[in-house]
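Now for the letters of each chain:
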Amino acid sequence: MSIDDTSMAKSSLRSFIRTAMKAPLLEQEEELGYARKWREDGCEKSLHQLTQPYMRLVVSMASKFRTYGLPMTDLVQEGMVGLMQAAARFEPEREVRFSTYASWWIRSSLQDFVLRNWSIVRTGTTAAQKSLFFNLRRLQAKIDGVGTHVSPEARTEIARQLRTSENDVDAMAGRLTGSDRSLNARIGEDGESEWQDFLADERAAPEEEVMLSKDAETRSRWLNAALQGLTERELIIIRERRLGEDTVTLANLGKRLGLSKERVRQIEHQALNKLRTALEPRVREAELI
């Protein structure tokens, strides 16, 4: 953004704030009346009259998120998105103040915006991580005072209050104290190397991947051939107990097959011995090659 664009954005923000502060607040009956007209008749004038007095609420809540380093103009815009969402979903018949209802939507919109834009690395994908992201600094300051290091006592207390693990607290603390860095950034003032030059590729080499793929295909053929030597009942038990994603219990298999739990266990053991007998010669032969 150029200097002129930045100046225009700041000027627009100041104008918006002045307008927001001048709008008179509504009595409960007034806002309910506007909400009904908007909901039932789609009256855009009523929507404007309902939301304009609460633009000051958007400004107030957006200012609390400035510590995350995002432009105030963007925060206000996202807060307005939340305000419009609140107006679209507000139910006048519940007789709840619109400001109370809108606060949740504004805060939610602001939090989502911060999480999406604070870092290029996605942060806070679960409810617990979001809570940790937005409360870690406050709780740390309350326990340790000002500082970047989270003491063991603070880590334990924060994890307890936010119902998360101490490892998650440490990980989030590291994210909040760090900053995004380009992989193309030079190392040192006069260095020619970039950060990406020192990233190790932990994937298998192409020739190794081919070998692993062929080995997997061979083992699959051996197993399929060995399974042909099982009885129908043994095959069912092995597939359900050993080859499926979810292991079926002995008791459930027994009910399905009309057998006792112990009998199913015996048949499974017997089938595994058959498979071992069929596969061991192939494995020994392959090791000699």
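Summarised in this report is the structure supplied together with it. (Residues numbered from 1 in each chain as written. Predicted model: local features only at pLDDT ≥ 70, side-chain atom pairs only at ≥ 80, totals over all residues. Heavy atoms only, no water.)

1. Notes on the overall build of the protein
Filter applied, for reference: Every helix listed is a DSSP run of H or I at least four residues long, and every strand listed is a run of E at least two residues long, numbered separately from the N terminus. Relative accessible area decides the class of each residue, using a 1.4 Å probe on protein chains only: under 20% of the type maximum gives buried, over 50% gives exposed, and in between gives partly exposed. Throughout, a contact is declared for two residues whenever any of their heavy atoms are within 4.5 Å. Reported accessibility uses the Shrake-Rupley method at a 1.4 Å probe radius. Residues are deemed covered only where the shown protein chains occlude them.
Regarding its fold elements, the protein presents 13 helices and zero strands. Going from N to C terminus, the protein has its helices and strands arranged as α-α-α-α-α-α-α-α-α-α-α-α-α. Per-residue burial for the protein yields a buried fraction of 29% across its 289 residues. Residue pairs in contact within the protein that sit at least 24 positions apart in sequence constitute 55% of those at least 6 positions apart. Surface accessibility of the protein: about 19600 Å² in total, with carbon and sulfur atoms responsible for 50%.

2. A closer look at helix H12 (residues 250–257)
How we decide: Working note: the arc is built from the helix axis to C-beta atom directions.
For H12, the full list of buried residues reads Leu250, Leu253 and Gly254. The buried residues of H12 all sit within an arc of 105 degrees when viewed along its axis, so they share a single face. Directly after H12, the chain includes Gly258, whose backbone phi takes a positive value near 70 degrees.

3. Focus on the nonpolar core
Quick note on the threshold: To form a nonpolar core, buried Ala, Val, Leu, Ile, Met, Phe, Trp, Tyr and Cys residues must be joined to one another through side-chain atoms within 4.5 Å.
Membership of the largest hydrophobic core comes to 44 residues, with the highest contact counts inside it found for Leu75, Leu83, Phe98, Val114 and Ile158. Of all the elements, helix H6 (residues 98–117) adds the most residues to this core, at eight residues.

4. With respect to the packing of aromatic side chains
Which entries qualify depends on this criterion: Each pair of aromatic rings taken from Phe, Tyr and Trp, with Trp reduced to its six-membered ring, is defined by centres within 6.5 Å and is described as stacked if the planes are under 30 degrees apart, edge-to-face if over 60, and tilted in the remaining cases.
Applying the stated criterion across every chain, the model contains five aromatic pairs. On the numbers, 5.2 Å between centres and 75 degrees between planes, the contact of Phe90 with Phe98 is edge-to-face. Residue Phe98 is classed as buried on the basis of its relative accessible area of 0%. Their ring planes at 50 degrees and their centres at 5.6 Å tell us that Phe90 and Tyr101 sit as a pair that is tilted. Of this pair, Phe90 sits in the loop between helix H5 (72–89) and H6 while Tyr101 sits in helix H6; the two residues are eleven residues apart in sequence, bridging distant segments of the chain. With relative accessibility at 26%, the residue Tyr101 sits in the partly exposed group. Taken together, the ring pairs in this structure connect Tyr54, Phe90, Phe98, Tyr101, Trp104 and Trp105 into an aromatic cluster.

5. Let's talk about the pattern of salt bridges
Applicable threshold: Basic side-chain nitrogens of Lys or Arg form a salt bridge, by our definition, when they fall within 4 Å of a carboxyl oxygen of Asp or Glu.
Summed over all chains, the structure comprises nine salt bridges. Ionic pairing is found between Glu78 and Arg116, a salt bridge with its closest N-O pair at 3.8 Å. Highlighted residues: Glu78 in helix H5 and Arg116 in helix H6, separated in sequence by 38 residues. Residue class for Arg116 comes out exposed when judged on its relative accessible area of 52%. In this structure, the salt-bridge partner of Arg256 is Glu240, at a minimum N-O distance of 3.2 Å. Placement of Arg256 in helix H12 and of Glu240 in helix H11 (residues 232–243) is noted, with a sequence separation of 16 residues between them. Salt bridges linked by common partners bring Arg241, Arg242 and Glu268 together as one network.

6. Some thoughts on the side chain of Glu31
The line we're drawing: The definition of a polar contact used here is a pair of N or O atoms within 3.5 Å, where within protein one atom must be able to donate a hydrogen and the other to accept one, and adjacent residues in sequence count solely through side-chain atom pairs.
Turning to its location among the elements, Glu31 is positioned in helix H2 (residues 28–41). Here Glu31 falls in the buried class, since its relative accessible area comes to 0%. Separated by 2.7 Å, the side chain of Glu31 and the backbone nitrogen of Phe98 make a polar contact.

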